[in-house]
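The residues making up each chain are set out below.
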Amino acid sequence: AWLADEDLLSTLADAPAAVLSEVSRLAPALRDWLGVPFPSPIADELGRYQFTDSLAAALLYGPAPKLLVIDDLHWCDAPTLGLLGHLLHSRASASALIVVTLRPEELGDEHPLVRLRDGLVAEGRTIPVARVQAMHEGKRRKRAAEKNPE
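Quick caveat, the model's predicted, so the values are computed rather than measured. As a convention, each chain's residues are numbered from 1 in the sequence order in which they are written. Local features in this predicted model are restricted to residues whose pLDDT is 70 or higher, and side-chain atom pairs enter the listing and the counts only when it is 80 or higher, whereas totals over whole chains, interfaces and linings include all residues. Processing note: side-chain calculations cover all non-hydrogen atoms of the structure and skip hydrogens and water entirely.

1. Overview of a positive patch on the surface
Each patch is built from residues that are more than 30% exposed by relative accessible area and take part in no salt bridge. Like charges join if they lie within 9 Å; nonpolar side chains (Val, Leu, Ile, Met, Phe, Trp, Tyr) join within 5 Å. In this description, accessible areas are obtained by the Shrake-Rupley approach with a 1.4 Å probe, and a residue is regarded as covered only by the protein chains that are shown. Each reported salt bridge corresponds to a side-chain nitrogen of Lys or Arg within 4 Å of a carboxyl oxygen of Asp or Glu. None of His or the chain ends enter the tally, which takes Lys and Arg as positive and Asp and Glu as negative. By convention, charge coordinates are those of NZ in Lys, CZ in Arg, CG in Asp, or CD in Glu. Taken together, the side chains of K139, K142, R143 and K147 define a basic patch exposed on the protein surface. Secondary structure elements are taken from DSSP: a helix is a run of H or I of four residues or more, a strand is a run of E of two residues or more, and numbering for both begins at the N terminus. Mapped onto the fold, K147 is located in helix 7 (residues 137-147). For the exposure calls, accessible area comes from a 1.4 Å probe over protein chains only, and a residue counts as buried if that area is under 20% of its type's maximum, exposed if over 50%, partly exposed in between. Residue classification places K147 among the exposed positions, given a relative accessible area of 67%.

Below, the structure written as structure tokens:
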């Protein structure tokens, strides 16, 4: 949905043509709206890298700082996590704060997020936060009633 946002499209209007061409794979309207050429087919690892790099550049393009929030990261597939990893390792991400939420109990040992998370922790690129515990519905109602007595 972020690629359909008019403010974002306006921000991307002066992005490099190569970036826009790659991003137009996901937002074909860019080709008509900005006269972006149709991208070449992705035929090899270099093509996949250029596509991923262009998406990362588009996410961070424009005035800094940027805030990117990803909710329920544990549901992301491997290509999305690959994009996030690429984004986190790009120089442009220095001007961005990336906040994610996830449910650790949803991660099995083989989940692709485990490798990304472990790598970021090893590099010292994460800020651990307190774990938020789910509150039972009855407890929520009791607290709400205590704060708003009628």
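2. Section: the pattern of salt bridges
Scanning the entire structure with this criterion turns up 3 salt bridges. The salt bridge involving R48 is made with E45; its shortest N-O contact spans 3.1 Å. Note that R48 and E45 are positioned in helix 4 (residues 45-60) at a spacing of 3 residues, about one turn of the helix. According to the relative accessible area criterion, R48 is partly exposed, its value standing at 42%. For E45, a relative accessible area of 55% corresponds to the exposed category. The partner of R117 in a salt bridge is D118, with the nearest N and O atoms 3.2 Å apart.

3. What about the environment of G35?
Positionally, G35 belongs in the loop between helix 3 (29-34) and helix 4. It is 9.6 Å that separates the C-alpha atoms of G35 and L20, two residues lying 15 residues apart in sequence.

4. Focus: unusual backbone geometry
Outside of glycine, negative phi angles account for most residues, and trans bonds account for most peptide bonds. In the segment running from A64 into P65, the intervening peptide bond is cis, with an omega of -5°. For D72, which is not glycine, the phi dihedral falls at a positive 55°. Here D72 shows up in the loop between strand 1 (66-70) and helix 5 (78-88).

5. Quick notes on helix 5
For helix 5, every residue scored as buried is listed here: L81, L83, L84, G85, H86, L87 and L88. Of the surrounding elements, those touching the buried residues of helix 5 are helix 4, strand 1, strand 2 (96-100) and helix 6 (112-122). In this analysis, two residues are considered to be in contact whenever any of their non-hydrogen atoms come within 4.5 Å of each other.

6. Remarks on the nonpolar core
Grouping buried Ala, Val, Leu, Ile, Met, Phe, Trp, Tyr and Cys residues that are joined through side-chain atoms within 4.5 Å yields what is termed a nonpolar core. If you look at the biggest cluster of nonpolar residues, it comprises 27 residues, and the most contacted ones within it are L30, L73 and L84. At the level of secondary structure, the elements contributing two or more residues to this core comprise helix 1 (6-12), helix 2 (17-23), helix 4, helix 5 and helix 6. Each residue touching L84, except ones within four places of it in the same chain, is listed here: I70, L73, I98 and L116.

7. Looking at the packing of helix 5 against helix 6
Close contact between helix 5 and helix 6 brings their axes to 9 Å; oriented N to C, the two are set at 15°. Classified by the angle between their axes, helix 5 and helix 6 sit roughly parallel to one another. Note that helix 5 runs across helix 6; the crossing there is left-handed. In contact with A78, L81, L84, G85 and L88 of helix 5, helix 6 contributes P112, L113, L116 and L120. Gly is placed with the polar residues, together with every amino acid not listed as nonpolar (Ala, Val, Leu, Ile, Met, Phe, Trp, Tyr, Cys and Pro) or charged (Asp, Glu, Lys and Arg). Here the contact of helix 5 with helix 6 is built from residues that sort into 8 nonpolar, 1 polar and no charged. Fitted lines through C-alpha atoms serve as axes, helices being fitted only where they are in contact, and the angles separating the N-to-C directions of these axes extend from 0 to 180 degrees. Put simply, angles under 35 degrees are roughly parallel, angles over 145 are roughly antiparallel, angles from 65 to 115 are roughly perpendicular, and the rest are oblique. The sense of a crossing depends on the near helix, which, turned anticlockwise from the far helix by less than a right angle, makes the crossing left-handed and, turned clockwise, makes it right-handed.

8. Focus on the packing of helix 4 against helix 5
Contact pair helix 4 / helix 5: the axes reach a minimum separation of 9 Å and the direction vectors enclose 65°. Judged by the sense of rotation from one axis to the other, the crossing of helix 4 with helix 5 is right-handed. Between helix 4 and helix 5, the residues in contact are Y49, T52, D53, L55, A56, L59 and L60 and G82, L83, H86 and L87, respectively. Of the residues in the contact of helix 4 with helix 5, the class split is 7 nonpolar, 3 polar and 1 charged.

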